[in-house]
Each structure stands twice: as C-alpha cells, then as structure tokens.
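Coordinates in review
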Amino acid sequence: MGVTGSVAAYKTVALVKDLSRFAEVRVVLTDAGARMVPEKLLAQASGHAVGRTLFKGFKPIAADTPSGSHPLSFVPHIEYARSSDLVLIAPASADFLAKMAFGLGDDLLSTICLYATCPVWVAPAMNQHMWAHPAVAQNQKTLRRRGVRFLGPESGHLACGEVGEGRFVEPAEIVGQVREVFASFQSWKGRRVLVTAGGTQEPIDPVRMITNHSSGKMGYALAQAALNRGARVTLISAPVRIAAPQGAKLVAVRTAAQMRGQTLKAAQEADVILMAAAVADYRVAEPSALKIKKKSESLTLRLQKNPDILAELLVRRKKGQVLAGFCAETDHLEKNASLKWRKKPVDLLIANQVGRPGTGFESDRNELLVFSRWRAKPVRLARDFKSRLASRVLDLIEEGWGTG
C-alpha cells in the first residue's frame, strides 16, 4: 500500500489496520506522504517497517570491484512488487498520478509501480479543480488504458472547504473491494457474464432525445464484481459518464433497439445475464431528420412501444442460464416489484425505489429488495455502496447454483 502526499493521508492508519485483518500489508510512504502522516503510526498499524528509500541495502561500489560482482542483498522495489498480490495507492495525489502516467521512477513507490505485474489500484484524493484539470484528466485516461483501476474519487465536502468531486473514497469501501478480491479470487473463473447498464437515448431530432436519470453505476458495479471473481464479462452500455471496468468487453449502444440487438446476440454465450440498464419503454415513432423549430405553444410527439428485452430473454434463454432483471419504482416498491416478478419470472428481480435522497439514480449508494426463486421471501439489502450491493447480488446468484 502506497501513501502519498494528499491531505486524506490521515485516514490511512485506520485503513491499514482494517486491511491487516485479512491481508499482510506492507506500507511504502513517499516523502510528501511522510509530511502528512507519521511513519511510526503506519508501522504500528501494519506490524511491519515502512518502506521509505529506494536505496536500502545498496553499498557504494568500490573502484576495484569487478563488473557484475557487486552484492545486492535486497532490492526494495523488486522485492515489494514481486511479493505483492495487489498494489494499492491510497490516497493517490495528482503528482503521483502524473508520475505513474509518465513512467517516472525516482522513489521507492514509483519504481514499485513500474515493476509490478499484479493489479495496481489507485484511490485519488485532491481538490475538485485539480481533479478536473485537463492534465490530471489525461493522466487518468492513460492509466485506465494501462489497466490501473480507480477507486473514486467521490463527490462531497473536501478538506479545503469546497464541495465537489475529488473526495477520498470511504475507507470501508476500499476495504470491501480488497476483501472481495482476496476472498473470492477466481471463484467465477470460466463463467461468462453479460451486464447491461445505463439509460438508453431515443432521438426526437438530431438535437433532442428521450432518456432517463440512470447513471450506469449499478450495472458497472455488477460488472466489476463479476470481474473480481474471475468471470469473463461483456458490458453492454448506453452512454454514461463513468469509465468501464478494466477487463470487461465494452459494447457501446445508444437506443433501446441497439441494446436489444447486442443483448440478444451476447446472451447466446452467457452463463449469467444481469439486466441493469434503464431501457426506455417508448421511442419516438418518426424522429425528425432536422432540428424541430419552436413554432407553436405545444408539440405533440407520437410514441411507439419499445421491445421488452427481458421478456424476450425469458423465452430464449438456454438451460442453466441465470437471468436477473431490475425494477425501479417510485412508490409501493414491494407490491409493484412482486407484480412484475410474477409477469416475468426471472431467477432474480432486483428492485429499488428511486426518488429518495442519497439512493437510486446517480447516487453511489442504494438499497435493494431482491426477489429470488431460491428463497421463499424477498431479501432486503440495506443502504450501502453500490459496489457492495453488487457483490451481495452475486452471492445470491451463487446460492442458486447447483439447485437447478
């Protein structure tokens, strides 16, 4: 675990303690990080000495030393990286993200990142304007393309007193993600998972469209949870503002018709299908080829019903395939979800009530009501991060494996 010079570094002592309950944690502290959190506290939390210098174990080379014979008893960056199952930079400052993006290696932590062959995760924490800076945004894209996984940042109150995106993700969320990878590594290996996500967009004209408030966060969390367990994941996504999980096969779509075509195609090979997308029920029957001008006080649009993709999958699904649907309601959640489940008897129906502050669309958290054909009563999943709820949904699916 690397600790850099972000103001959020003070949270890392408790984070290291929590991670140490199920993993061996070795902390590497940058010079800037050492100005934010005492090295001694991190050593006490992990039970191991904190790595600080790139040159530990090196001895000056004498002038008469034969070439190739200088003893290197311990090469810190290689030993740390070689022995790790996961490299986690938490918090990751803007400066350190730039180092990683440009491949710099001028200290212990940056050289570990250059050598590491295991997964590398970063949990950024900085001011909202720093996070939005074009250079930081470009570095983020570069690192994501290389396979670095980002945990956060979240939106909220920042240490500087401002409010915006850049807040260090909750330590409990980091612990949950690391625990899941360690506990369930490869448990879904060989399984093929199809996830749909995001809200479809139905054109009115080249400028306007019909859509909804879906952020895609729940679907993307499900895709990441399946990847964490070793599954091969295909993610069919309508437009969203979040990056796709590294390792998933991303299929970008826009309309309900496009999502239907790609989903029915991918479903033929899937072992588990998670229909988390918010698909528009209706589309404009005759979209205008040109922008509709504002000529009158009212405008009438003729809408046409979209195909029901979940209903089609129920008819077409192969033997042993697990099918899960999602249901968003604004009122009478259990009653309405139960009616939908009877009409479409999928293996799991995951329902949530939208419109509540802090949950549902666009939020990082949610609370779910899950109807399962393997349980007599629906399961209530209390308000939590969508990533944890995604893991719980996969746990419910595992309950049904082997029961027919």
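The following paragraphs examine the structure supplied in this document. (Residues numbered from 1 in each chain as written. Predicted model: local features only at pLDDT ≥ 70, side-chain atom pairs only at ≥ 80, totals over all residues. Heavy atoms only, no water.)

**A closer look at the nonpolar core**
Ranked by internal contacts, the top residues of the largest apolar core, which has 34 residues, are V193, L222, V233, L274 and I397. Looking at which element gives the most residues to this core, the answer is helix α10 (residues 217-228), with 8 residues. Look past the residues within four positions of L222 in its chain and what remains in contact with it is V195, L274, A276, F326, A390 and V393. V13, V50, A123 and I174 belong to the second largest nonpolar core, which has 28 residues in total. (Core = buried A, V, L, I, M, F, W, Y, C linked by side-chain atoms within 4.5 Å. Buried < 20%, exposed > 50% of the residue type's maximum accessible area, 1.4 Å probe, protein only. Helix = DSSP H or I, 4+ residues; strand = E, 2+ residues; numbered from the N terminus. Contact = heavy atoms within 4.5 Å.)

**Details of helix α13 (residues 333-343)**
L333, A337 and S338 are the residues of α13 that are buried. Summarising the axial view, the buried residues of α13 lie within an arc of 115°, below the 170-degree limit, and thus occupy one face. In this structure, α13 carries K335, R342 and K343 as exposed residues pointing more than 90 degrees from its buried face. Where α13 is buried, its residues meet β16 (322-329), β17 (348-353) and β18 (365-372). (Arc of directions from axis to C-beta.)

**With respect to the layout of surface pockets**
Quantified by volume, the largest pocket comes out at close to 1,600 Å³. For the largest pocket, the lining is made up of 49 residues, of which R144, K217, R241, I242 and A243 are closest to its centre. Only α7 (128-132), α8 (134-145), β5 (149-150), β6 (154-157), α9 (171-184), α10 and α14 (386-400) provide two or more residues apiece to the lining of the largest pocket. For the lining of the largest pocket, the element with the highest residue contribution is α10, accounting for 6 residues. Residues belonging to the lining of the largest pocket are distributed by class as follows: 20 nonpolar, 16 polar and 13 charged. By volume, the second largest pocket is sized at about 1,000 Å³. For the second largest pocket, the lining is made up of 41 residues, of which A277, A278, V279, D281 and K340 are closest to its centre. Of all elements in the fold, only β8 (192-197), α10, β15 (303-305), α12 (309-316), β16, α13 and β18 reach the threshold of two or more residues within the lining of the second largest pocket. Tallying contributions element by element places β16 first for the lining of the second largest pocket, with 4 residues. Split by residue class, the lining of the second largest pocket holds 20 nonpolar, 12 polar and 9 charged. (1 Å grid on protein atoms, 1.4 Å probe; cavity = no way out; pocket = protein on both sides within 12 Å on 5 of 7 lines; lining within 4 Å. Points joined across faces, edges and corners; volume = space filled by probe spheres on them. Nonpolar A, V, L, I, M, F, W, Y, C, P; charged D, E, K, R; others polar.)

**Looking at the sheet that holds strand β11 (residues 232-237)**
The 8 strands are arranged β12-β11-β8-β13-β16-β17-β18-β19 in an open sheet whose pairing can be described as mixed. Looking at strand neighbours, the two that pair on one side only are β12 (249-252) and β19 (379-385), the edges of this open sheet. Averaged over neighbouring strand pairs, the angle between their axes works out to 20° when direction is ignored. (Pairing = 2+ DSSP bridges. Axes fitted to C-alpha atoms, helices over the stretch in contact; angles between N-to-C directions.)

**Some points on the environment of G216**
By the element assignment, G216 lies in the loop between β10 (209-210) and α10. A residue is classified by how much of its surface remains accessible, and G216, at 4% relative accessible area, is buried. As a C-alpha pair, G216 and A244 span 28 residues in sequence and 9.9 Å in three-dimensional space. Look past the residues within four positions of G216 in its chain and what remains in contact with it is A197, G198, V240 and I242.

**Some thoughts on the packing of helix α5 (residues 94-102) against helix α6 (residues 108-115)**
One way to put it is that α5 packs onto α6 with a least axis distance of 10 Å and a crossing angle of 40°. With respect to each other, α5 and α6 are oriented oblique. Once α5 is placed against α6, the crossing between them reads as right-handed. Across the interface between the two elements, F96, K99 and M100 of α5 pack against L109, S110 and C113 of α6. For the contact of α5 with α6, the class distribution of residues is 4 nonpolar, 1 polar and 1 charged. (Parallel < 35°, antiparallel > 145°, perpendicular 65-115°, else oblique. Left-handed = near helix turned anticlockwise from the far one by under 90°.)

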